[in-house]
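Chain residues, written in single-letter form:
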Amino acid sequence: MTSMQITRSKIASRIMYGVCIACAAIIILTLLLITGYLLVIGLHSLNWRFFVNLPQDNPPGMRNSIEGTIILVALAAAAGIPIGMLAGIYLSEYDANSMLAAPVRFVADVLAGVPSIVVGILGYELLVVPMGTYSGWAGAAALAFIMIPIVARTTEEMLRLVPGSYREASIALGATKAGTILRVVVPTATGSVVTGAMLAIARVAGETAPLLFTAVGSSRLVHNPSEPFPSLTLRIYELSNEPSPETRMQAWSGILVLIALIFLVNLSVRYFTRQRR
Amino acid sequence: MTSVSDIDSNLIVRRRRFSAEPALYLAALASAVMILLMLAALLVVLFAAAAPSIHRFGADFLVSTDWRPNPLPVLKLNSHGRPIRDPRTWMKVVDHNEPPRFGAVASISGTAQTSGIALLLAVPLSLGAALCLVRIVPVWLVPPISFLIEFLAAIPSIAYGLWGMFVLGPWMGGPARWERIGGVIPFPAGIESRVAAALVHLPGFGWLVERQVGGKTVPIPTTGRDVLVAGIILGIMVIPIITAISRDILRNIPRAQIEGTIALGATWWQSCTEMLKFSRSGLFGAIILGLARAAGETMAVLMVMGSTPNVSASPLSAGATMASTLAGEFPEAATNDLHRGALMELALILLVMSLVFNIVARYLVVGKTIRASAVA
């Protein structure tokens, strides 16, 4: 290699060093710009009435939608987290290398990447059509569908990190398999399993597409899941199609509340994992 | 040697634990089987609902560029090829109605265009940022930046959609003008018309910004509600995903690999390219995961671009992706079996496509990171 080539590649290296920093800077600035915009505009029309008023009130609020999202996510979690955890327990503790485990693992991975609109359509075909009405149940089921594979795989990964000697010790002390799993393995991994569950909750709390044809949205205060059900994301989407800018401003506030909810979940996950380390 | 006491203790254990032991196993087994059933349900239900369309159009669905939910009236023409008018009402006379026709090409090409633009934007930026995080950023600064990126991956798509619809779209579209961000920072709004004005004089780029209408070449209006803006929003959305996964992959490269290249006299960038080459399959998997996310995204595309399935080469024209067509037209298709069937067939294609992308990606990323399933 001539010295010319060496200098050239040194200069190229300097340039690319700068380019890499620029890439990171551009990404961070763009994303800060977007979140900053959401924050500033959203705060503009956010006040306490936003949380207690209904869309018909003056000034309009999103109480029904906020409660709707919380109820939907709670219902989805009540079904999705136990099923997902049990599937994770099966994959890690029972037949980890069986003929069934490999396809289940594979399908769970693949399901986690299915576009959420497709899940919404499945909910429409399987629940809305037979029941004859849009409902909160259908919406919650669609969200649970999205949660199950995520929770199953994170639970499996986390349980696998529990040292085998714990299981052997428990069995040696006379505990049964079920006792070992419920009293030793799962409690040891609680922190990280909760993390996985919380991340799944944060993921589905922001979903809109699966709810479009299942929960469908409502402007009333609904607590009965067998009726069309309001959700924050559906309300935001509805508002984004409003012609008047004042009404649209509420959509920004709704986004802010939604992101704040997700941020809280994320932060609590951080706190949880930090405690355990 | 089996003694009587052995059998007895077995019996005792079994009697004491008879409920919990098989119950937990059966519940776990049922949950695992349920995951298999979920995928089966997706395939079976979509296939059954798509039956009217599959039956009617067959393989034609995959190659037809038409997407017409309503019958197309064909006018009665006279011998000169002019439409005949009713003598009393002076209305043009309809000869017959072409039946509705559906083809996936318009939606598939819209999906390919938006995802392609998204990847063009996201891949270089994400890989550069991932290298920066692994090789440049001081250790104390990595956790906050990583947290930021992971948090941004968790922001719901409807937020990006809203921002694209009311901020980015208007910035991109409209006539060239100057705006101020937050009333302070000057910003050259109307980017599309600025770029179009530059490209229109370059030979070979005309198709990007012009189209043929009635034999004449006219510039495509820059509305800010088009494939380009949708692609940019999708790009912004997949950046955190690709960055997070490729950062994990690059971080897991054995240190000796990097140190070896430097010991041999490689410059900083040369050792970086070695890192990229060393983990190329994993990085490719990360990109495919980003692609899968971009291709399946619904809300952001629907809000930014709407859904008007048509085939156009230009990124300045409005279009539709498979997901946005589904979300946009499903409400009006509920009563029309053929229309609904066609949408279901689109959903089926979308599902199969996402399965293929995910299978390829997981195969490439497998074992390198568990984050792939958590982030994407």
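Preceding this section is the structure that the text describes.
Within each chain, residue numbers correspond to sequence positions counted from 1 in written order. Both sets of labels track the order of writing: A upward for chains, 1 upward for ligands. Thresholds applied to this predicted model are a pLDDT of at least 70 for local features of residues and 80 or more for the giving and counting of side-chain atom pairs; totals over whole chains, interfaces and linings are not thresholded and use all residues. The basis for every side-chain value is the complete set of heavy atoms in the structure, and neither hydrogens nor water enter the calculation.

Caption draft 1: Structural context of the interface of chain A and chain B. By definition, residues are in contact when any of their heavy atoms lie within 4.5 Å. In this complex, chain A contributes 80 residues to the contact, which on the side of chain B involves 81 residues. We define buried area as the total accessible area lost by two parts upon association, computed with a 1.4 Å probe and summed across both. Of the roughly 7300 Å² buried between chain A and chain B on both sides combined, carbon and sulfur atoms contribute 83%. Salt bridges are defined as contacts in which a side-chain nitrogen from Lys or Arg sits within 4 Å of a carboxyl oxygen from Asp or Glu. Across the contact surface, chain A and chain B share one salt bridge. Where Arg340(B) meets Glu125(A), a salt bridge forms, and the shortest distance between an N and an O atom there is 2.9 Å. Here a polar contact means two N or O atoms within 3.5 Å. Within protein one must be a hydrogen donor candidate and the other an acceptor candidate, and residues neighboring in sequence count only if both atoms are side-chain atoms. Counting across the interface, chain A meets chain B through five residue pairs in polar contact (both at pLDDT 80 or more). Helical segments are the DSSP runs of H or I of at least four residues, strand segments are the runs of E of at least two, and each set is numbered from the N terminus. Counting only elements with at least two residues in the side of chain A that touches chain B, the list comes to α1 (3–44), α3 (63–94), α4 (101–111), α5 (116–131), α6 (136–160), α8 (177–188), α10 (232–240) and α11 (245–276) of chain A. In terms of residues, the side of chain A that touches chain B owes the most to one element, α1(A), which gives 20 residues. A per-class count over the side of chain A that touches chain B returns 58 nonpolar, 12 polar and 10 charged. All residues other than Ala, Val, Leu, Ile, Met, Phe, Trp, Tyr, Cys, Pro, Asp, Glu, Lys and Arg, Gly among them, are scored as polar; the first ten of these are nonpolar and the last four charged.

Caption draft 2: How the structure looks around empty space enclosed by the protein. All names here are of chain A. Every definition here rests on a 1 Å grid over the protein atoms only: cavities are sets of points where a 1.4 Å probe fits but cannot get out, pockets are open sets enclosed by protein on both sides within 12 Å along at least five of seven lines, and lining residues have some atom within 4 Å of a point. Grid points are joined across faces, edges and corners, and a volume is the space filled by probe spheres set on the points. All chains considered together, the criterion is met by five cavities of 30 Å³ or more. Approximately 50 Å³ is the volume found for the largest cavity. Along its surface, the largest cavity is lined by Leu-111, Ala-112, Val-114, Val-119, Phe-145, Ile-146, Pro-149, Ile-150 and Arg-203. For the lining of the largest cavity, the leading source of residues is α6, giving four residues.

Caption draft 3: Inspection of the pattern of salt bridges at higher detail. Applying the stated rule across the entire model yields 19 salt bridges over all chains. Glu259(B) serves as the salt-bridge partner of Arg255(B), at 2.9 Å between the closest nitrogen and oxygen. Placement of the pair is Arg255(B) and Glu259(B) together in helix α10 (residues 255–263), with a separation of four residues, close to one helical turn. Whether a residue is buried, partly exposed or exposed follows from its accessible area with a 1.4 Å probe, protein chains only, as a fraction of its type maximum: under 20%, in between, or over 50%, in that order. For Arg255(B), a relative accessible area of 62% corresponds to the exposed category. Because the salt bridges share partners, they merge into one network encompassing Arg105(A), Asp109(A), Arg153(A), Glu156(A), Glu157(A) and Arg160(A).

Caption draft 4: A nonpolar patch on the surface, seen in detail. Residue and element names in this part refer to chain B. Together, Leu-43, Phe-284, Val-352, Val-356 and Val-360 make up a nonpolar patch on the protein surface, roughly 380 Å² of accessible area in all. Examining the composition of the nonpolar patch, we find that three residues originate from one element, helix α15 (residues 337–365), more than from any other. Here Phe-284 shows up in helix α12 (residues 280–296). For Phe-284, a relative accessible area of 45% translates into the label partly exposed. Patch membership needs two things, relative accessible area over 30% and no salt bridge, and members are linked within 9 Å if like-charged or within 5 Å if nonpolar (Val, Leu, Ile, Met, Phe, Trp, Tyr). In these tables, accessible area is a Shrake-Rupley quantity obtained with a 1.4 Å probe, and a residue counts as shielded only by the protein chains included in the view.

Caption draft 5: Structural detail: α1(A). A helix is expected to span 1.5 Å multiplied by its residue count minus one. Taking 1.5 Å as the rise per residue, α1(A) with 42 residues should run 62 Å; its terminal C-alpha atoms sit 60 Å apart, in good agreement. Of all the residues in α1(A), the buried ones are Ser9(A), Ser13(A), Cys20(A), Cys23(A), Ala24(A), Ile27(A), Leu31(A), Ile34(A), Thr35(A), Leu38(A) and Gly42(A).

Caption draft 6: Spotlight on the nonpolar core. In this structure, Leu111(A), Ile117(A), Ile35(B), Leu42(B), Phe61(B) and Tyr160(B) are the most contacted members of the largest nonpolar core, which totals 189 residues. Ranked by the residues each element gives to this core, the list is headed by helix α9 (residues 227–251) of chain B, at 16 residues. Not counting chain neighbours up to four residues away, the residues in contact with Leu42(B) comprise Leu111(A), Val114(A), Val118(A), Leu122(A), Phe145(A) and Leu351(B). Nonpolar core, defined: a set of buried Ala, Val, Leu, Ile, Met, Phe, Trp, Tyr and Cys residues in which side-chain atoms within 4.5 Å join the residues together. Membership of the second largest hydrophobic core comes to six residues, among which are Ala196(B), Leu199(B), Ile220(B) and Leu316(B).

Take it as geometry only, folks, not as evidence of what the structure does.
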